Amino acid sequence: MSKPKTPQGGPEAAAGLLEVRGLCRTFGDHKAVDDVSFTLPPGGSVGIVGESGSGKTTTARMIVGLERPDGGSITVGGRERASRPRNRAERLARAREVQMVFQDPYLSLDPRIAVRDCLDEVLRLHAPELGKPGREARVAELLDQVGLGAREAGALPKRLSGGQRQRVAIARALAANPRVMILDEAVAALDVSIQAQILELLATIRREEGIGYLFVSHDLAVVKHITDDVVVLRNGKIVESGRTADVLSAPQHAYTRLLIDSVPGPGWDPERIAESRRALA
Amino acid sequence: MADTTKSTTKKKNSVPATRAADSATPLLALDDVTLRLPDGAAARPILDGVSLRVERGETIGLVGESGSGKSVACRTVLGLLPKNARTTGEVRVEGTDVLTAGPAGLRDLRRNKVSMVFQDPRASVNPMRRVGDFLTEGLRLGGMSKKDALARAEELLTEVGIRDPKGALRRFPHEFSGGMLQRVVIAAALTSDPALLLADEPTTALDVTTQAEVVGILRRLQATHGTGMLFVTHDLELAAAICDRIYVMYAGRIVESRPAAELFARPRHPYTAALLASTPRLEEGAEPPTAISGRPVSLAEAPTGCAFADRCAFAVDRCRTEKPALVEDGTGAAACLRVEEGILA
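A short tour of the structure in this document, coming up. (Residues numbered from 1 in each chain as written. Chains lettered and ligands numbered in written order. Predicted model: local features only at pLDDT ≥ 70, side-chain atom pairs only at ≥ 80, totals over all residues. Heavy atoms only, no water.)

Focus: the overall build of chain B
When helices and strands are counted, chain B shows 11 helices and 12 strands. Across its three principal axes, chain B shows a C-alpha extent of roughly 65 × 55 × 40 Å. For chain B, the proportion of its 345 residues judged to be buried stands at 53%. A sequence separation of at least 24 residues applies to 66% of the contacts in chain B between residues at least 6 apart. With an accessible surface of roughly 15,200 Å², chain B has 52% of that area assigned to carbon and sulfur atoms. Side-chain charges in chain B split into 44 positive and 43 negative, and the spacing between the mean points of these groups amounts to 7 Å. (Helix = DSSP H or I, 4+ residues; strand = E, 2+ residues; numbered from the N terminus. Buried < 20%, exposed > 50% of the residue type's maximum accessible area, 1.4 Å probe, protein only. Contact = heavy atoms within 4.5 Å. Areas by Shrake-Rupley, 256 points an atom, 1.4 Å probe, with all protein chains shown as cover. Lys, Arg positive; Asp, Glu negative; His and termini not counted. Charge placed at Lys NZ, Arg CZ, Asp CG, Glu CD.)

Written out as structure tokens, the structure is:
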């Protein structure tokens, strides 16, 4: 598991920005994640879809470093990150590689810290070379990038709407200048009109910054519009993966088909869905 | 409050008559309902002249984003109002006004006529009590024997597709998954054999395959019992898939109402159209979602004209000063000053 570190820009880096191989995690006797492998190319966008208990969030948490895998490897730019970081410098370096945006914008921001200070804190940690004036300029730039103004900069989270909070969470992730951003159901809690705004924002950021996205979601329609590749998880295992367009238009696995059929739309037939669900169980 | 109690006592006696006799009386009718919070709590009414109808056996969708007032509207039907709220207008269930009903009238309404299924099943059952107790509580209070109540509960659990219903009666809520527990909640809502079922985002907390099953159960039960259903949701696609007619709400007002298929094919209100365009779609060749700029009107704002004007691509000066009325057209109604101009065509 503790592979020797590959120097940055080594031959392995060319293959994929983020490489996940044989990832496993067991809680008690429950295999939450079971031999999950996929590759996120530089500047790419991979969706992880599945229902509750499919292991999608556990996978995301292991990649960002909030959970320790039982087995398998996770590399970003060729550097292994599945093992425990040895010191503070390594932990910070890993944080700069992968940042995460969580589902609930009401829980992911400290209620006592104003937006400006929340971003400043990240910059103090990850870009100490900027100095105070440099950080101020960078905070303004980040807020502008996510479409927030001076009024929001001085506000506490409770003064902000859900959509605005999610913008702050994205700006905070961007502040560390990450190579990979994990979006764990990042638009699920938002109203559709606001959700579309955040999806547009994410598409722009990806185009401009070339950050790779790992988009964890239960919502196939959202995944269709924001990812290039998709991995379908069920009970911790990958049942299907491939180009998003191919998987959604010609699903190979019965479970993927069930997921697609379950999305309400024209010709939606709950009785038939229930039947195919029972057939799969 | 004193005079309202009196009026209910009068009405209570007339209840059986209204129920049996007049099939022309709509099952549920909201007429020009306005609901305000005490001064200072909100700049605009939470509900602003809301009128809607649900007939027996019908499924009616109430769609809107957070803060649109859809849940508040749904709760007024049970007389569940925000603290110190002031209301005008009428909410009638089978002809009986809910807003002026006193405690006894409300009790009768909630026990016998109207049931509600909430979004989060875990928040609507007592975690300390067995499912059997939860299901039979209302029946026992209604005077049924324990044995009959348990038999009825078992029957209902079978109806909502719970395997081993006898065993389920002895289990606690934590032993059920979210989808299974929502079925239990639906079974509980049906114990009183209500004429009207209020469903406030009943599948939002569930996985998509589970959502399909729960909606399937709701529809089947509704068909067999002839129950009318008011289905509150933020999900236009879901509403379109199951509802006969849909009301769209924005900032406390109904901005459009139409049969579901018609609403989807030809929305007349710019908000409905924008909402449809911002919904990501799974069909092949579907356009990427288009965002609506700005954000919904908060409670601190009281727009003078059309509440959607600031976000509307078609707004003209007049839209910011003149409040549009809900105007009937061929298939439904829309509240837009420019609806006649065919701006969405």
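Now, onward.
Some thoughts on the nonpolar core
In globular proteins that are soluble, nonpolar side chains generally tend to be buried together. With 113 residues, the main nonpolar core has Ile170, Met181, Leu202 and Phe215 of chain A together with Leu157 of chain B as its most contacted residues. By residue number, the principal contributor to this core is helix H7 (residues 178-190) of chain B, which donates eight residues. Setting aside its immediate chain neighbours within four residues, Ile170 of chain A contacts Val101, Val146, Met181, Ile198, Leu201, Leu202 and Ile205 of chain A. Counting 36 residues, the second-largest nonpolar core is a separate cluster that includes Val50, Ala85, Val114 and Tyr247 of chain B. (Core = buried A, V, L, I, M, F, W, Y, C linked by side-chain atoms within 4.5 Å.)

Notes on the packing of helix H4 (residues 115-126) of chain A against helix H7 (residues 162-175) of chain A
Residue and element names in this part refer to chain A. One can describe the packing of H4 onto H7 by two numbers: an axis separation of 8 Å at closest approach and a directional angle of 20°. By the angle between their directions, the pair H4 and H7 is classed as roughly parallel. When you trace H4 past H7, the crossing you get is right-handed. From H4, Val115, Cys118, Leu119, Val122 and Leu123 reach across to H7, where they touch Val168, Ala171, Arg172 and Ala175. (Axes fitted to C-alpha atoms, helices over the stretch in contact; angles between N-to-C directions. Parallel < 35°, antiparallel > 145°, perpendicular 65-115°, else oblique. Left-handed = near helix turned anticlockwise from the far one by under 90°.)

Some thoughts on the sheet that holds strand S10 (residues 253-259) of chain B
By way of backbone hydrogen bonds, the strands of a sheet pair with one another, either parallel or antiparallel. All names here are of chain B. The eight strands are arranged S6-S7-S8-S3-S9-S10-S12-S11 in an open sheet whose pairing can be described as mixed. Taken across any chain shown, the strands that pair with only one partner, and hence form the sheet edges, are strand S6 (114-117) and strand S11 (327-328). Here strand S7 (residues 196-200) runs beside strand S8 (residues 228-233); their pairing, made up of five bridges, is parallel. Following the sheet pairing, Leu197 is matched in S8 by Met229. Across the face of the sheet, helix H3 (residues 103-113) comes into contact with S6 and S7 while running at roughly 70° to S6. On the sheet, helix H8 (residues 208-225) packs against strand S3 (59-63), S7 and S8 and is oriented at approximately 160° with respect to S8. (Pairing = 2+ DSSP bridges.)

A look at unusual backbone geometry
All names here are of chain A. Within the chain, Asp35 stands out as a residue other than glycine whose phi angle is a positive 60°. For Asp35, the position within the fold is in strand S2 (residues 30-40). In the Ramachandran plot, Glu185 falls in the positive-phi region, its phi being about 50° despite a non-glycine side chain. Position of Glu185 among the secondary structure elements: in the loop between strand S7 (180-184) and helix H8 (192-209).

Brief notes about the environment of Arg165 of chain A
Residues and elements named next belong to chain A. As for its position among the elements, Arg165 is in helix H7. Overall, Arg165 belongs to the buried group, its relative accessible area being 8%. Sequence separation between Arg165 and Glu152 is 13 residues, and the spatial gap between their C-alpha atoms is 9.7 Å. For Arg165, the contacting residues outside a window of four places in its chain are Pro105, Tyr106, Leu109, Pro157, Lys158 and Leu160.

A few points about the pattern of salt bridges
Residues and elements named next belong to chain B. Using the criterion set out here, one finds 47 salt bridges over all chains in the structure. In this structure, Asp31 engages Arg92 in a salt bridge whose closest nitrogen and oxygen atoms are separated by 3.1 Å. Of the two residues, Asp31 sits in strand S1 (residues 28-36) while Arg92 sits in strand S4 (residues 86-93), which places them 61 residues apart along the sequence. (Salt bridge = Lys/Arg side-chain N within 4 Å of Asp/Glu carboxyl O.)

Structural notes on the interface of chain A and chain B
The extent of an interface is frequently quoted as the accessible surface area lost upon association of the parts. Residue-level contacts link 33 residues of chain A with 40 residues of chain B. Summed over both partners, the interface of chain A with chain B buries about 3,000 Å², with 59% contributed by carbon and sulfur atoms. Linking chain A with chain B are 13 residue pairs in polar contact (both at pLDDT 80 or more), by the criterion used here. Elements represented by at least two residues in the side of chain A that touches chain B include exactly H8, helix H9 (220-226), helix H10 (244-249), helix H11 (254-262) and helix H12 (270-280) of chain A. (Buried area = accessible area lost by both parts, 1.4 Å probe. Polar contact = N/O pair within 3.5 Å; in protein donor to acceptor, adjacent residues only side chain to side chain.)

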